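# Structural overview
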There are 2 protein chains.
Amino acid sequence: MEGVDHLAHERKTAQFDVEAMKVVWAGSKHELDLSDRMARLVASDPVFRKDNRTMLDRKELFKNTLKKAAHAWKRMHELRLTEEEAGKMRFFIDEPAYVDLHWGMFVPAIKGQGTEEQQKKWLPLAYKMQIIGCYAQTELGHGSNVQGLETTATFDPNTDEFIIHSPTLTSSKWWPGGLGKVSTHAVVYARLITDGKDYGIHGFIVQLRSLDDHSPLPGITVGDIGDKFGSGAYNSMDNGVLRFDHVRIPRDQLLMRLSQVTREGKYVQSDVPRQLLYGTMVFVRQTIVADASRALSRASCIATRYSAVRRQFGAQDGGPETAVLDYKTQQNRLFPLIASAYAFRFVGEWLKSLYTDVTQRLQANDFSTLAEAHACTAGLKSLTTSVTADGIEECRKLCGGHGYLSSSGLPELFAVYIPACTYEGDNVVLLLQVARFLMKTVSQLTTGKKPVGTTAYMGNIEHLMQCRCAVKTADDWLNPYAIQEAFEARAVRMAVNCAQNVSKAPSQEEGFFSLSADLVEAAVAHCQLIVVTKFIEKVQRGNVGDGVKEQLQVLCNIYALNLLHKHLGDFLVTGTITPKQGALVSEQLRSLYSKLRPNAVALVDAFNYTDHYLGSVLGRYDGNVYPALYEQAWKDPLNESDVPDGYAEYLRPVLKQKVRLARL
Amino acid sequence: MEGVDHLAHERKTAQFDVEAMKVVWAGSKHELDLSDRMARLVASDPVFRKDNRTMLDRKELFKNTLKKAAHAWKRMHELRLTEEEAGKMRFFIDEPAYVDLHWGMFVPAIKGQGTEEQQKKWLPLAYKMQIIGCYAQTELGHGSNVQGLETTATFDPNTDEFIIHSPTLTSSKWWPGGLGKVSTHAVVYARLITDGKDYGIHGFIVQLRSLDDHSPLPGITVGDIGDKFGSGAYNSMDNGVLRFDHVRIPRDQLLMRLSQVTREGKYVQSDVPRQLLYGTMVFVRQTIVADASRALSRASCIATRYSAVRRQFGAQDGGPETAVLDYKTQQNRLFPLIASAYAFRFVGEWLKSLYTDVTQRLQANDFSTLAEAHACTAGLKSLTTSVTADGIEECRKLCGGHGYLSSSGLPELFAVYIPACTYEGDNVVLLLQVARFLMKTVSQLTTGKKPVGTTAYMGNIEHLMQCRCAVKTADDWLNPYAIQEAFEARAVRMAVNCAQNVSKAPSQEEGFFSLSADLVEAAVAHCQLIVVTKFIEKVQRGNVGDGVKEQLQVLCNIYALNLLHKHLGDFLVTGTITPKQGALVSEQLRSLYSKLRPNAVALVDAFNYTDHYLGSVLGRYDGNVYPALYEQAWKDPLNESDVPDGYAEYLRPVLKQKVRLARL
């Protein structure tokens, strides 16, 4: 029955103003309206359909992506979209494409590392897409360790050119999105060598393809690196491989804001502070945290709605079976993910303000908070992407067998999301960076240096090392002060414990190396504390609509207490809480899940996602899942004929005993 | 350089006899030889190549699978393979196909539920593949809860037929493998209705397609349910949808071993004990545990070899970077997975003997151990498949960015494996069944009924409720008795704790419902104990080759202590160990990882997997990874031309400013 809302009964039980929550989630009324408008624009345009994605072969899929990008470009102009609107539109098109790298990496690299003159020359071309660029950093044999890159850029004073070269197979550029088939230009990272000396990694603008016929220029070998995880996912992107055979570029295509090479081949550093580059890193990671909250909210929206539709067991007297959303084991897995989506949303919002703060300080040559901001964003990038990747797969499992169908949207969401755990810093490598910063902070506590920002709590070390948690009843765990103190005490105690163990090693480096698994755990504890803190602050600040604050309170408590339960070992082994208090956490969680239950569907409605964006037959707004699943099935190419291709050659001979010499 | 072993240095450091370990892993010399022979046979046959799988579209992939199945059938006859050999051959072909269901479900269903007469009629046809069958149980709206199935089989005494019918959309059969495009017949589960009374779910043999031209018979709507997770994976299987519109079948196609309907329409139960069906369940789940150890060993083999090849950071004086396998954070994630693969192999081996024991008892009408065996296999199926699914994805992450490429083999391994968490019992539903059995066992302890089999330790409840762990140094954690006791005490205390909380609820059912999250944790604790116990027993039994026992000891300790660390909260909250003892676990683990390190590559070599079976450029035996990655990339269809399809329509107009009305 078209038009019937099969989830109306769920929506009726909500105890808060969903429209007000939508504003909270979006960040502002302006953001909500903007997203809403752009989401609908994309959803209503047949060129942007997504439901056939997993049925296309690689070439069809890729061609379709080129088509979408061109169509979007056209629409952006026709509708005279602002930069903000165009960005949102690209976001809702929801398919990895070369434009992501052009706008997200190529243009910012020139802006950040190019001189004014270089910007004047290259940016107008890029803005009009007269050239399309990508960001060629990683190599076949080199990922996280940028200093290990092998590509060389050797200055030739005779011709005033750099010679870009790939000296080994492992120096082949490998992975850059947009490189394989589309980009005409790239910012290429290579070792700058002049006068026989290696000055380390620098960025160069290199043209890769002819602007006449798109063929690769002489000396350039370029192609796609092949099929990736999932049947759609990142296969719409031409992640590329690139080799240089002594390719010459003019000297002025070295990005020269930070350092230059003179006509004579002399290497000169400018007086622009290197720390500016960290600002970019803070910016990029902040967007990754925002993406995490979107991906996790999307997955939990699908799982929540379908869990309200799907029924299993518990039928009495021939009545309907129980909605799986009523099962405690389902709530226990799903509700913390909804809570995490909200938590990541708010910590992402805060990170955005942190970026603004950092930028302002950088402009004033104040680098005092930079290390802390860098550690904080590294840690939050790691934490939120890891939880989101696992959370999407958990949501898929929560949908039972049907979650395994591509039409559920969850396989593609997982496949397209998981690279976030690896790109822009491998998650474990990032946690080790956080741990290093924590160790440094701990060691400086005795010197009287005050810890700043998200490490400020460590200044309270004396209290935190010996405080005792005052929780006596399950309801005491609703006290944000008790939660905050427990997370702070656990984090500081783990950090101090690590510092003590590291100091026992023959050297700091050896200690750090051998204890790295413990250090990672301490870093996670610190990052979880940040998210909990920002969620508590968010709840305390806002009171924006009927019942909204109460719901945020429940979500915040679920987020924190579920973590506490999951990491109970940390809290107990550091003596932060007692076993009895740990048991009260479970009790309180049960009660919180019951409070959330009537609001579950409304809380995911508040994400305001269109069915187009969700891209899931299970997550449909109207809950009318089964007819949609059934209809979608028949669209599979295998169903084009009743009798499958290959019947005559490979099935009939078997059935008709034409495959002889039998013994079985 | 072809033929060079890039991992030779790793193999030289092994401290044990790899050939002897291969026998331990395989189970016997006979098993090793058989697997080795069949693996090589498949690997050397070009029809069975797998490396192009992810590049085929759905129809090509499916047709290719039909071809492989027919070719295998031909080879089995030509080579006069035994049933055992043929099974191994199918296994090493390593691609989900209709034959899995024909041999694994259709034939066994007739064997198990058919009368002798029915077997005589149908089995010869099935054995010769004159008919091909599948197992049609689950429906669009009904998965785990078999009792909720809606398809009806109504007896018509006028014609002596059953009328098979799908009364609703949600009653459509949905998911059965081999159903969509291949099967000519199915065992269909439907509600048996005769004389107006519903006798519940029974199995019926139903012909679906014409044996002349393969077209669906009148009243039958059948097709494929569409694209699934991954680009190859289960898309080689025609999981199907099936609807019946009053399809008539002869009365004697009800599978009648357990119950019959007479000519007059009278429902009669036979005197064959229903418990026999549980025997089949024990068998099927035992094979799933064996599959888990194979999938996890495969993933960890790939990750281990590539971690020995891949280098990152830590270069000094221009020397090579450090192999990532040397990083403690890598060891800390990877080595417990190698240990788990071994653990699951041995618990699987033990389950096989349990199945033999159960079968013998059933034949002697001894049902005393059946409930325990059922709970045990349910729990182990859940535990091993969950850990394996997560473990494969963890191995993929451990391979960094390159793990995301299909050529790494890990995306497909994940996608093809994860249904194991859902089929044959959803993993959480199964754990709740285990918990129910544990609660019953606890409640019977006071009645003097002795717990049997894997619950026997509960008989020791008085000691286990109050014992104190004697560990004082990190090395004390090498004592198997200390480990075993800690796992037993934790399991029994969690179970008793749950039982007490359940008993406080208004009713047993309400208590069970509201505490189900805790019950699941208690069930996991019990299942982990079983695996730990069987591993310890295995180590203590065997001494089969130089250094083998020592390696198994290290693996066993890593398996147990890593679990202990991961679930530290359980052990502390139950007072099983102290925080101090918990910290000693971490210390001992660090030392165990160092012991395992020089043996890591040899321990995964002992799985004896061919490069064909592994299907991963990263997991190559010779470690010559980078040239293989590079070559594989160029085979992608996108690389057929330098300039991509769609350039003229969708890229050139953008670059040449033919998309006008610009403002951006």
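Residues numbered from 1 in each chain as written. Chains lettered and ligands numbered in written order. Predicted model: local features only at pLDDT ≥ 70, side-chain atom pairs only at ≥ 80, totals over all residues. Heavy atoms only, no water.

Operational definition: UniProt positions are given in the numbering used here, feature names are shortened, and annotations may be inferred rather than shown by experiment.
For chain A, the name recorded in an unreviewed UniProt entry is Acyl-coenzyme A oxidase, with Rhynchospora pubera as its organism. Taken from UniProt, the Subcellular location (unreviewed entry) comment for chain A reads in full: "Peroxisome". Reading the Sequence similarities (unreviewed entry) entry of the UniProt record for chain A gives the comment "Belongs to the acyl-CoA oxidase family."

## Section: the relation of the copies chain B and chain A
Counted only if it meets this: Here the copies are superposed with least squares, the fitted atoms being C-alpha atoms of residues at a pLDDT of at least 70 in both.
Note on the identical chains: chain B maps onto chain A by a rotation of 180° and an axial translation of 0.0 Å, with an RMSD of 0.0 Å. Look at the turn and shift together and you get a two-fold axis relating the two. Residue Gly569 of chain B of chain B places its C-alpha closer to the rotation axis than any other residue of that unit, at 1.8 Å.

## Thoughts on the UniProt feature "domain: Acyl-coenzyme A oxidase N-terminal" (unreviewed entry) in chain A
The line we're drawing: By the criteria applied, helices consist of DSSP H or I runs no shorter than four residues and strands consist of E runs no shorter than two, each listed in order from the N terminus.
Those places that UniProt annotates as "domain: Acyl-coenzyme A oxidase N-terminal" (unreviewed entry) correspond, in this numbering, to residues 17-132 of chain A. Annotation note: span residues 17-132 of chain A, helix share 72%, strand share 0%, distance between end C-alpha atoms 45 Å.

## Some words on the nonpolar core
Worth spelling out the cut-off: Working definition of a nonpolar core: buried Ala, Val, Leu, Ile, Met, Phe, Trp, Tyr and Cys residues. They are joined through side-chain atoms within 4.5 Å. In this scheme, a residue with accessible area under 20% of its type's maximum is buried, one over 50% is exposed, and one in between is partly exposed, where area comes from a 1.4 Å probe on protein chains only.
Counting residues in hydrophobic clusters, the biggest one holds 392 residues, and the most contacted among them are Tyr342 and Trp477 of chain A together with Tyr342 and Trp477 of chain B. Here the element with the most residues in this core is helix α9 (residues 328-363) of chain B; it accounts for 16 residues.

## Concerning the side chain of Asp94 of chain A
Residue and element names in this part refer to chain A. Counted only if it meets this: Polar contacts here mean pairs of N or O atoms no more than 3.5 Å apart (in protein, one a potential hydrogen donor and the other a potential acceptor; neighbouring residues in sequence count only if both atoms are side-chain atoms). Contact definition: two residues touch when any of their heavy atoms are within 4.5 Å.
The topology assignment puts Asp94 in the loop between α5 (83-93) and α6 (98-113). Using a relative accessible area of 16% as the deciding quantity, one classes Asp94 as buried. A polar contact is formed between the side chain of Asp94 and the side chain of Arg298, at a distance of 2.7 Å. Non-local contacts of Asp94, meaning those with residues more than four positions away in its chain, are made with Lys50, Arg53, Arg298 and Tyr613.

## Notes on empty space enclosed by the protein
Put simply, the rule reads: A cavity, in this analysis, means grid points on a 1 Å lattice covering only the protein atoms where a 1.4 Å probe fits yet has no way out; a pocket is instead an open set bounded by protein on both sides within 12 Å along at least five of seven lines, and a residue lines either one if it has an atom within 4 Å of a point. Grid points are joined across faces, edges and corners, and a volume is the space filled by probe spheres set on the points. Each residue gets one label: Ala, Val, Leu, Ile, Met, Phe, Trp, Tyr, Cys and Pro are nonpolar, Asp, Glu, Lys and Arg are charged, and the others, such as Gly, are polar.
Following the criterion strictly, the structure yields five cavities of 30 Å³ or more and no others. In this structure, the largest cavity occupies an estimated 240 Å³ of space. Lining of the largest cavity is provided by 21 residues; of these, Leu56 and Asp57 of chain A together with Leu56, Asp57 and Ser231 of chain B occupy positions nearest its centre. Taken together, the elements giving at least two residues each to the lining of the largest cavity come down to α4 (58-78) of chain A together with α4 (58-78) of chain B. Split by residue class, the lining of the largest cavity holds seven nonpolar, seven polar and seven charged. Size it by volume and the second largest cavity reaches roughly 160 Å³. Lining the second largest cavity are 16 residues, and of these Ala69, Ala72, Arg90, Ile93 and Val99 of chain B lie nearest its centre. Elements represented by at least two residues in the lining of the second largest cavity include exactly α4, α5 (83-93) and α6 (98-113) of chain B.

## Comments concerning the interface of chain B and chain A
The line we're drawing: Buried area counts how much accessible surface, traced with a 1.4 Å probe, disappears from two parts once they are put together, with both parts' losses summed. By definition, a salt bridge exists where a carboxyl oxygen of Asp or Glu is found within 4 Å of a side-chain nitrogen of Lys or Arg.
Every contact between the two is made by 141 residues of chain B and, on the other side, 141 residues of chain A. Counting each side, the surface lost to burial between chain B and chain A is near 12600 Å², with a carbon and sulfur contribution of 65%. The interface formed by chain B and chain A includes ten salt bridges. Asp518 of chain B is the salt-bridge partner of Arg590 of chain A, the closest N and O atoms lying 3.0 Å from each other. Our count for the chain B to chain A interface comes out at 42 residue pairs in polar contact (both at pLDDT 80 or more). Per-element accounting of the side of chain B that touches chain A gives the leading share, twelve residues, to α4 of chain B. Here the side of chain B that touches chain A is composed, by residue class, of 65 nonpolar, 37 polar and 39 charged.

## Brief notes about the packing of aromatic side chains
Put simply, the rule is: Note on aromatic pairs: the rings of Phe, Tyr and Trp (six-membered ring only in Trp) are paired at centre separations within 6.5 Å, and the planes decide the class, stacked below 30 degrees, edge-to-face beyond 60, tilted for the rest.
Scanning all chains against the criterion turns up 60 aromatic pairs over all chains. For the ring pair Phe344 of chain A and Tyr559 of chain A, a centre distance of 6.3 Å and an interplane angle of 80° mean the geometry is edge-to-face. Taken as a pair, Phe344 of chain A in helix α9 (residues 328-363) and Tyr559 of chain A in helix α17 (residues 548-566) lie far apart in primary sequence, 215 residues in all. Per residue, the accessibility class of Phe344 of chain A equals that of Tyr559 of chain A, and both read buried. Ring geometry for Phe283 of chain B versus Tyr355 of chain B: centroids 5.1 Å apart, planes at 55°, classification tilted. Of this pair, Phe283 of chain B sits in helix α8 (residues 276-309) while Tyr355 of chain B is found in helix α9, placing the two residues 72 residues apart along the sequence.

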